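# A look at the structure
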Amino acid sequence: TYNEHAACLRAAGWRVEEVSEWVGLAGADLAVVVNPNNPGGQCFAPNDLMALLGSVGRLVVDESFADATPEGSVAARADAPGLIVLRSFGKFFGLAGLRLGFAMGNGPDIAALAEMAGPWAVSGAAIEIGTRALLDVAWSAATVARLRDDVMRLDQMVGWQVEGGTALFRLYRSPDSVAAQDRLARCQIWSRIFPYSRTWIRLGLPGSEAEFARLSDALLGDL
């Protein structure tokens, strides 16, 4: 899953154990689940996650890629004791540089997090832009519909075996992920590869017709 959770916990002195199935987290002092998962896109049922909550000391559910599939979210139940839900802003809205995200939980937990974050954790510009974007429900609905079409278009264009993904990124199995990344980078297209796989490569969805055309040219070797 997303590597930074384990890296941050280890840096804070935790002993971290990674499991292959969510049920393997039972008994942990702190359990972290990314839902949908990154990079594979696996989704875990909200009821299963809430059941897991009763068997761990604390459950953190990272929903950074959940905007396009709200039916899988546990955010509405974030006031349950021991549950923290993390949400991203920049991924769905395409504004990563805004550095805006959210933690949801019960009152005492959020008060403790707010004290640790301090009074200036988010800029005024980020608050204003984020508020306007989140209130634009028509744009969000139209974007979810467009992303569904773009996912199918990208899968057909790339031609590699689909290993997984979400409405915001796709994970493919290529013959050589390092060579594929280098080829795309020479065309100013960045991708994500993984140290534990020589074949997996992750692509974000192109944002316009021009970007789809540029990716197609790069894959065909025309650039």
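Quick note: structure is the one above.
In short, a report on the structure. (Residues numbered from 1 in each chain as written. Predicted model: local features only at pLDDT ≥ 70, side-chain atom pairs only at ≥ 80, totals over all residues. Heavy atoms only, no water.)

A few words now on the overall build of the protein chain. Looking only at helices and strands, one finds eight helices and eight strands in the protein chain. A globule of 223 residues ought to have a C-alpha radius of gyration of about 17 Å, and the protein chain, at 19 Å, matches this closely. Reported as C-alpha extents along the three principal axes, the dimensions of the protein chain are approximately 55 × 40 × 30 Å. Each of the 223 residues in the protein chain was classed as buried or not, and the buried ones make up 41%. Considering only residue pairs separated by 6 or more positions, the protein chain has 59% of its internal contacts joining residues 24 or more positions apart. Across the protein chain, the 19 positively charged side chains and the 25 negatively charged ones have centroids separated by 4 Å. (Helix = DSSP H or I, 4+ residues; strand = E, 2+ residues; numbered from the N terminus. Rg over C-alpha atoms; globule rule 2.2 N^0.38 Å. Buried < 20%, exposed > 50% of the residue type's maximum accessible area, 1.4 Å probe, protein only. Contact = heavy atoms within 4.5 Å. Lys, Arg positive; Asp, Glu negative; His and termini not counted. Charge placed at Lys NZ, Arg CZ, Asp CG, Glu CD.)

Read across the open sheet, the four strands follow the order 1-2-3-4; overall the sheet is mixed. Each edge of the open sheet is held by one strand with a lone partner, namely strand 1 (30-34) and strand 4 (101-104). On average, each strand axis in the sheet is inclined to that of its neighbour by 15°, with strand direction left out of account. Across five bridges, the pairing between strand 1 and strand 2 (residues 58-62) is parallel. (Pairing = 2+ DSSP bridges. Axes fitted to C-alpha atoms, helices over the stretch in contact; angles between N-to-C directions.)

Once that is clear, we can look at helix 6 (residues 137-158). Between its first and last C-alpha atoms helix 6 spans 31 Å; for 22 residues at 1.5 Å apiece the expected length is 32 Å, and the two agree. Regarding helix 6, the residues found buried are Ser140, Thr143, Val144, Leu147, Asp150, Val151, Leu154, Asp155 and Val158. Projection of helix 6 onto a plane perpendicular to its axis shows the buried side chains occupying an angular sector of 140°, all on one side. Opposite the buried face of helix 6, by more than 90 degrees, sit the exposed residues Ala138, Ala141, Arg148 and Gln156. Packing partners of the buried residues in helix 6 comprise helix 3 (90-93), strand 5 (161-165), strand 6 (169-173), strand 8 (197-204) and helix 8 (209-220). Phi turns positive one or two residues past the end of helix 6, at Gly159, with a value near 85°. (Expected span 1.5 Å × (residues − 1). Arc of directions from axis to C-beta.)

What follows covers the pairing of strand 6. Counting buried positions along strand 6 yields four of five residues, so the element is predominantly enclosed. Note that strand 5 and strand 6 share four bridges and pair antiparallel. Across the sheet, Gly165 pairs through a bridge with Arg170, a residue of strand 6. The turn linking strand 5 back onto strand 6 is made up of three residues. Relative to strand 8, strand 6 runs antiparallel, the two being bridged by five bridges. Within strand 8, the position partnered with Arg170 by the bridge is Leu203.

To continue, consider helix 2 (residues 46-53). Among all positions of helix 2, only Pro46, Leu49, Met50, Leu52 and Leu53 are buried. Burial along helix 2 is one-sided: seen end-on, the buried residues are contained in an arc of 155°. With respect to the buried face of helix 2, the exposed residues turned more than 90 degrees away are Asn47 and Ala51. Against the buried residues of helix 2 lie strand 1, strand 2 and strand 3 (83-88).

At their nearest, the axes of helix 6 and helix 8 sit 10 Å apart, and the two run at 20° to each other. Taken together, the axis directions place helix 6 and helix 8 in an arrangement best described as roughly parallel. Judged by the twist between their axes, the crossing of helix 6 over helix 8 is right-handed. Residue-level inspection shows Asp150, Arg153, Leu154, Met157 and Val158 of helix 6 in contact with helix 8, the latter providing Glu209, Phe212, Leu215, Ser216 and Leu219. (Parallel < 35°, antiparallel > 145°, perpendicular 65-115°, else oblique. Left-handed = near helix turned anticlockwise from the far one by under 90°.)

With that out of the way, let us pick up the sheet that holds strand 5. Strand order in the open sheet made by the four strands is 5-6-8-7, with antiparallel pairing throughout. Each edge of the open sheet is held by one strand with a lone partner, namely strand 5 and strand 7 (192-194). Each neighbouring strand pair of the sheet contributes to a mean axis angle of 30°, computed without reference to strand direction. Across the face of the sheet, helix 6 comes into contact with strand 5, strand 6 and strand 8 while running at roughly 25° to strand 6. Strands strand 7 and strand 8 of the sheet are contacted by helix 7 (residues 177-185), whose axis makes an angle of about 35° with strand 8.

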